[in-house]
Amino acid sequence: MVSVVVIGAGPQGLAAAAHLLERGLNPLVLEAGDGPGAAVAEWGHVRLFSPWTELTDAASRRLLEPTGWVAPEKGYPTGAQWIEGYLAPLADALGDRVRYGARVVGVARKGRDLAVDAGRAEQPFVVHVRRTDGGQERIETDAVIDASGTWYTPNPAGADGLPALGEEAAVDAGLVEHRMPAIDDALGLAGQHVVVVGNGHSAATTIGILSRVAKRVPGTRISWVLRRGTVGNTFGGGSGDELPERGALGQRAKKAVEDGLVDLVTGFRTEEVAVEDGQAVLLAKDGRRLEPASRVFVATGFRPDLSFLSEIRLDLDMRLQAPAKVAVEVDPNLHSCGSVRATGAADLAHPEPGFYIVGAKSYGRAPTFLALTGFEQVRSVVAAIAGDREAAARVDLVLPDTGVCGGSGLFDAPDDQAASDSCCAPAPQLVQIGARTTR
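Residues numbered from 1 in each chain as written. Predicted model: local features only at pLDDT ≥ 70, side-chain atom pairs only at ≥ 80, totals over all residues. Heavy atoms only, no water.

## Topic: the layout of surface pockets
Quick note on the threshold: Cavities and pockets are found on a 1 Å grid laid over the protein atoms alone: a cavity is a set of points where a 1.4 Å probe fits but cannot escape, a pocket is an open set with protein on both sides within 12 Å along at least five of seven lines, and a lining residue has an atom within 4 Å of such a point. Grid points are joined across faces, edges and corners, and a volume is the space filled by probe spheres set on the points. Numbering goes from the N terminus for both helices and strands, where a helix is a DSSP run of H or I of at least four residues and a strand is a run of E of at least two. In this count, Pro and Cys sit with the nonpolar residues alongside Ala, Val, Leu, Ile, Met, Phe, Trp and Tyr, while Asp, Glu, Lys and Arg are called charged and the others, Gly among them, polar.
By volume, the second largest pocket amounts to about 300 Å³. Lining the second largest pocket are 19 residues, and of these His-19, Asp-57, Ala-58, Phe-375 and Arg-379 lie nearest its centre. Going through the elements one at a time, helix 1 (11-22), helix 3 (58-64) and helix 11 (371-385) are the ones with two or more residues in the lining of the second largest pocket. Among the elements that take part in the lining of the second largest pocket, helix 11 stands out by supplying six residues, more than any other. In the lining of the second largest pocket, the residues fall into six nonpolar, three polar and ten charged.

Given below as structure tokens:
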């Protein structure tokens, strides 16, 4: 029988398999896509703000080095380079322990549904899999590590957490996209009006790509829509960020606003996406209406897919849908400064013994997950599964400071009040509020 099923062949899933092998356990990695890092491949054109030295896992390096692989030491790879230089070689080293085209559609205890207590912990897990060839199978295993990520469950543009009226139809029409554009996509929108919805690294990356086009082609208009009434930490921590490229990302977006390449629209909570004359029009709950746009890029974060875990007993925070002990550390509603602490097996455990959620999915709906965090998580979780309590409890990681508060201030507070309510230095001030709205 397989010792441990790992769901997802991304950075954390593959690292988990390497740690399991090193511990003498028998892993099987199930990946719905057709190759390693399938989700990473979808943003392969984007450059990471973490350097190569923070993008490889220790057990994975030990597995790879005998093959002649040499760890990259300098630079900031794109997603595609991360796959080519690390994830693909790691998957090759794991061989047939990684199975592609295998989508997990359910996890349960053998012969026990969610409500049954009797003998539950003594039963193995059964993982239900649907293959791309249409076949189905059930795999029994002693433990399950869910490293499936959140990439395929993005948050909608709708401000209440549900798709705005007309949003799904606009997606079908190709007017609204939940992704970061490549430069070729952006060039195809030159001279047109483009809207970006969201407040985070993905939104700042999208603004950076589009503003390069706006510099080259006069008449290209970019509206950056924030739901909150304050700019808050939109522009990041700048020089205070211990990941310099992450700090620079926000500062480049800030400069695009200062230079007039981007109109910043605050307090805009999308209620409807109307399609008019082949363009998308965003309407807010307060009656404001943006000018028609050729494309709307929605970068409002992600949420975990819990649909295939309905028969597993989970201890999740009701707001973030993250493991309860992790949620306390990453909750963006709190005014906490600097970085969050590293999390391990004790934080990631659930009432279902032997089941763990790791990686970006362990943060639920919260942002700012780092690869380093995931590598530490899988090291600790695998140690716990192997019975090494000392190693599981040990913390081998200190996360870099973001340079800004984790909280974003009162939801409706103006900038000066948000700054006074914050535990950190005042947030960057609003540079320009977009006026290209109509009523």
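## Overview of the sheet that holds strand 7 (residues 176-177)
To keep things clear, this is the line we draw: Two strands are said to pair when DSSP picks up at least two bridges between them. Whether two residues are in contact is decided by their heavy atoms, any of which lying within 4.5 Å being enough. Only the stretch in contact is used when fitting a helix axis, every axis being a line fitted to C-alpha atoms; angles between N-to-C directions are given from 0 to 180 degrees.
Strands sit in the order 7-14-8-9-10 across an open sheet of five strands; the sheet is parallel. Of all the strands in the sheet, just strand 7 and strand 10 (262-265) have a single pairing partner and so form its edges. Two strands pair when backbone bridges link them, and strand 9 (residues 221-225) and strand 10 are joined in this way by four bridges, in the parallel orientation. Each bridged residue has a counterpart across the sheet, and for Val-225 the counterpart in strand 10 is Val-265. Where helix 7 (residues 201-216) meets the sheet, it contacts strand 8 (193-197), strand 9, strand 10 and strand 14 (295-298), and its direction lies at approximately 165° from that of strand 9.

## Considerations on the environment of Asp-388
The condition is simple: Whether a residue is buried, partly exposed or exposed follows from its accessible area with a 1.4 Å probe, protein chains only, as a fraction of its type maximum: under 20%, in between, or over 50%, in that order. Think of a polar contact as two N or O atoms within 3.5 Å of one another; within protein, one of them needs to be a possible hydrogen donor and the other a possible acceptor, and neighboring residues in sequence only count if both atoms come from side chains.
In this fold, Asp-388 is placed in the loop between helix 11 and helix 12 (389-393). Classification of Asp-388 as partly exposed rests on a relative accessible area of 26%. For the pair formed by Asp-388 and Arg-23, sequence separation is 365 residues and the distance between their alpha carbons is 9.8 Å. Ignoring anything within four residues of it in the chain, the contact list for Asp-388 reads Arg-23 and Ala-383. A polar contact is formed between the side chain of Asp-388 and the side chain of Arg-23, at a distance of 3.0 Å.

## Some remarks on the pairing of strand 12 (residues 279-284)
With six bridges joining them, strand 11 (residues 270-276) and strand 12 adopt antiparallel strand pairing. Of the residues in strand 12, the one forming a bridge with Val-275 is Ala-280. Taking the residues that link successive antiparallel strands as the turn, the strand 11-strand 12 hairpin has two residues, and the phi of Asp-277 there is positive, at about 55°.

## Quick notes on the pairing of strand 14
Bridge analysis of strand 7 against strand 14 gives two bridges, and the strand direction is parallel. When the sheet's bridge partners are listed, Glu-177 is paired in strand 14 with Phe-297. Strand direction decides the pairing type here: strand 8 and strand 14, joined by four bridges, are parallel. Within the sheet, the bridge partner assigned to Val-197 lies in strand 14 and is Val-298.

## Structural notes on the packing of aromatic side chains
Defined as follows: For this analysis, a ring pair means two rings from Phe, Tyr or Trp (six-membered ring only for Trp) whose centres lie within 6.5 Å, classed as stacked if their planes differ by under 30 degrees, edge-to-face if by over 60, and tilted for the remaining angles. Charge-over-ring placement is defined geometrically: NZ (Lys) or CZ (Arg) within 6 Å of the ring centre, and within 35 degrees of the ring normal.
Within the structure shown, the criterion is met by three aromatic pairs. Centre to centre, the rings of Trp-69 and Tyr-86 are 6.1 Å apart; their planes meet at 45°, and the pair counts as tilted. In this pair, Trp-69 sits in the loop between helix 3 and helix 4 (79-94) while Tyr-86 sits in helix 4, placing the two residues 17 residues apart along the sequence. We classify Tyr-86 as buried; its relative accessible area is 0%. Between Arg-109 and the ring centre of Phe-125, over which it is positioned, the NZ or CZ distance is 3.9 Å.

## Points about the confidence of the model for the chain
Quick reminder of the rule: Confidence per residue, as judged by the predictor, is encoded in pLDDT with a range of 0 to 100.
Residues with a pLDDT of 70 or more make up 84% of the chain, whose mean pLDDT is 87. Across residues 403-437, where pLDDT falls below 50, the model places 85 contacts with residues more than four positions away in sequence or in other chains.

## A word on the nonpolar core
Here is the rule: Only buried residues count toward a nonpolar core, which is a set of Ala, Val, Leu, Ile, Met, Phe, Trp, Tyr and Cys residues joined through side-chain atoms within 4.5 Å.
Formed by 50 residues in total, the largest nonpolar core has its most connected members in Leu-14, Trp-43, Trp-82, Tyr-86 and Ile-145. Of all the secondary-structure elements, those providing two or more residues to this core are strand 1 (2-7), helix 1, helix 4, strand 6 (136-146), helix 9 (324-330), helix 10 (345-348), helix 11 and helix 12. If you tally residues by element for this core, the top one is helix 4, at seven residues. With residues near it in sequence (within four places) discarded, Ile-145 still touches Val-4, Val-5, Val-6, Ile-7, Ala-16, Leu-20, Tyr-356, Val-358, Val-381, Val-382 and Ile-385. Residues Ala-186, Val-196, Ala-203 and Ile-207 belong to the second largest nonpolar core, which totals 22 residues.

## A look at empty space enclosed by the protein
Scanning the entire structure with this criterion turns up one cavity of 30 Å³ or more. Considered as a void within the structure, the largest cavity measures approximately 80 Å³ in volume. In terms of lining, the largest cavity is formed by Trp-151, Pro-154, Asn-155, His-178, Arg-179, Met-180, Ser-202, Val-298, Ala-299, Thr-300, Gly-301 and Phe-302. Here the lining of the largest cavity is built from residues that sort into six nonpolar, five polar and one charged.

## Side note on unusual backbone geometry
Even without being a glycine, Asp-277 presents a positive backbone phi close to 55°. Within the secondary structure layout, Asp-277 lies in the loop between strand 11 and strand 12. In the Ramachandran plot, Gln-321 falls in the positive-phi region, its phi being about 60° despite a non-glycine side chain.

## What to know about the packing of helix 1 against helix 4
This is how the line gets drawn: Here is the rule for angles: anything less than 35 degrees is roughly parallel, anything more than 145 is roughly antiparallel, 65 through 115 is roughly perpendicular, and the remaining ranges are oblique. Throughout, a crossing is termed right-handed when the near helix is turned clockwise from the far one, and left-handed when it is turned anticlockwise from it by less than a right angle.
Packing of helix 1 against helix 4 leaves a shortest axis separation of 10 Å and a crossing angle of 40°. By the angle class used here, helix 1 and helix 4 are oblique. The handedness of the crossing between helix 1 and helix 4 is left-handed. Across the interface between the two elements, Pro-11, Leu-14, Ala-15, Ala-17, Ala-18 and Leu-21 of helix 1 pack against Trp-82, Leu-87, Leu-90, Ala-91 and Leu-94 of helix 4. Class assignment of the residues belonging to the contact of helix 1 with helix 4 gives a composition of eleven nonpolar, no polar and no charged.

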